[in-house]
Amino acid sequence: MSDTFSPPPGLGPNAQGPAAQPGLRILAQYIRDLSFENPKAPESLRGGASPPQIDMAVELNAQGREGGVYEVELKMTAAARRDGEPVFQIELVYAGLFQIVGVEAEDLEQVLMIECPRYLFPFARRLFADLSAEGGFPPLMLEPMDFAAIYLARKAQAENTQFGNA
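Residues numbered from 1 in each chain as written. Predicted model: local features only at pLDDT ≥ 70, side-chain atom pairs only at ≥ 80, totals over all residues. Heavy atoms only, no water.

**Regarding the overall build of the protein**
Per the secondary structure count, the protein includes two helices and five strands. Across the 166 residues that make up the protein, the buried fraction comes to 33%. (Helix = DSSP H or I, 4+ residues; strand = E, 2+ residues; numbered from the N terminus. Buried < 20%, exposed > 50% of the residue type's maximum accessible area, 1.4 Å probe, protein only.)

**Overview of the nonpolar core**
The biggest cluster of nonpolar side chains holds 34 residues, and the ones touching the most others in it are Leu74, Met76, Ile100, Leu112 and Phe128. For this core, the elements supplying multiple residues, two or more each, are strand S3 (53-65), strand S4 (69-82), strand S5 (85-101), helix H1 (105-134) and helix H2 (147-164). For this core, the element with the most residues is H1, which contributes twelve residues. (Core = buried A, V, L, I, M, F, W, Y, C linked by side-chain atoms within 4.5 Å.)

**Some remarks on the pairing of S3**
As paired strands, S3 and S4 are joined by 13 bridges and run antiparallel to one another. Bridge pairing in S4 places Ala57 opposite Thr77. The turn joining S3 and S4, which pair antiparallel and follow one another in sequence, is formed by three residues; a positive phi near 80° is taken by Gly67. (Pairing = 2+ DSSP bridges.)

**As for H1**
Under the 1.5 Å per step criterion, the end-to-end length of H1 is 43 Å for 30 residues, consistent within 8% with the ideal 44 Å. Once H1 finishes, Gly136 follows within two positions and takes phi at roughly 100°, a positive value. (Expected span 1.5 Å × (residues − 1).)

**Looking at the packing of aromatic side chains**
Under the definition given, this model contains four aromatic pairs. On the basis of an interplanar angle of 40° and a centroid distance of 4.8 Å, the ring pair of Phe88 and Phe137 is categorised as tilted. Here Phe88 is found in strand S5, whereas its partner Phe137 is found in the loop between H1 and H2, with 49 residues between them in sequence. Of the two residues examined, Phe88 and Phe137, each falls in the buried class. (Phe/Tyr/Trp six-rings, centres within 6.5 Å; stacked < 30°, edge-to-face > 60°.)

**Describing the confidence of the model for the protein**
Here the protein averages 85 in pLDDT, while 84% of its residues score no lower than 70. The low-confidence segment residues 9-17, where pLDDT is below 50, has 19 contacts with residues more than four positions distant or belonging to other chains. (pLDDT = per-residue confidence, 0-100. Contact = heavy atoms within 4.5 Å.)

**With respect to the pairing of S5**
In this sheet, S5 lies alongside strand S2 (residues 23-37) in antiparallel orientation, the contact comprising 13 bridges. Bridge pairing links Leu24 to Ile100 in S5. Where S4 and S5 come together, 14 bridges link them in antiparallel fashion. In the strand pairing of S5, Thr77 is matched with Glu91. Adjacent in sequence and paired antiparallel, S4 and S5 are bridged by two residues, among which Asp83 carries a positive phi angle near 55°.

In structure tokens form, the structure reads like this:
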């Protein structure tokens, strides 16, 4: 998983003034990219086969846009394999536009990498379940994700890498 963050051009998080109450507003949610592959169909749909091994990956990206708006992307992939052969693969980039006001600069990255994905995840989860079911498989029900733990782990990993290379 990789986390990236870019502030908006020419605007800080306090664009509404220093006394603004902290707030997050979802302006839009959308699918940026979506792919479902079922390369062995219809053979992969036969009953009685052993359950596939599913590998999941999650990537978060955020960048600033004009007017104090931020775009946050939640990229999720799932690859199912059975006996070393591909069964299905789902790739989804689900994004949202967020207006964030009254958040201090040092807290902005956490809001973008923890709170915004929390809003996006239930919709991406539903898409994964629907796609796997429409592909002829049982719905792939993803477990809820702890984005705070993911953020803290990635931050610690980045700090260790930074200090390890010094």
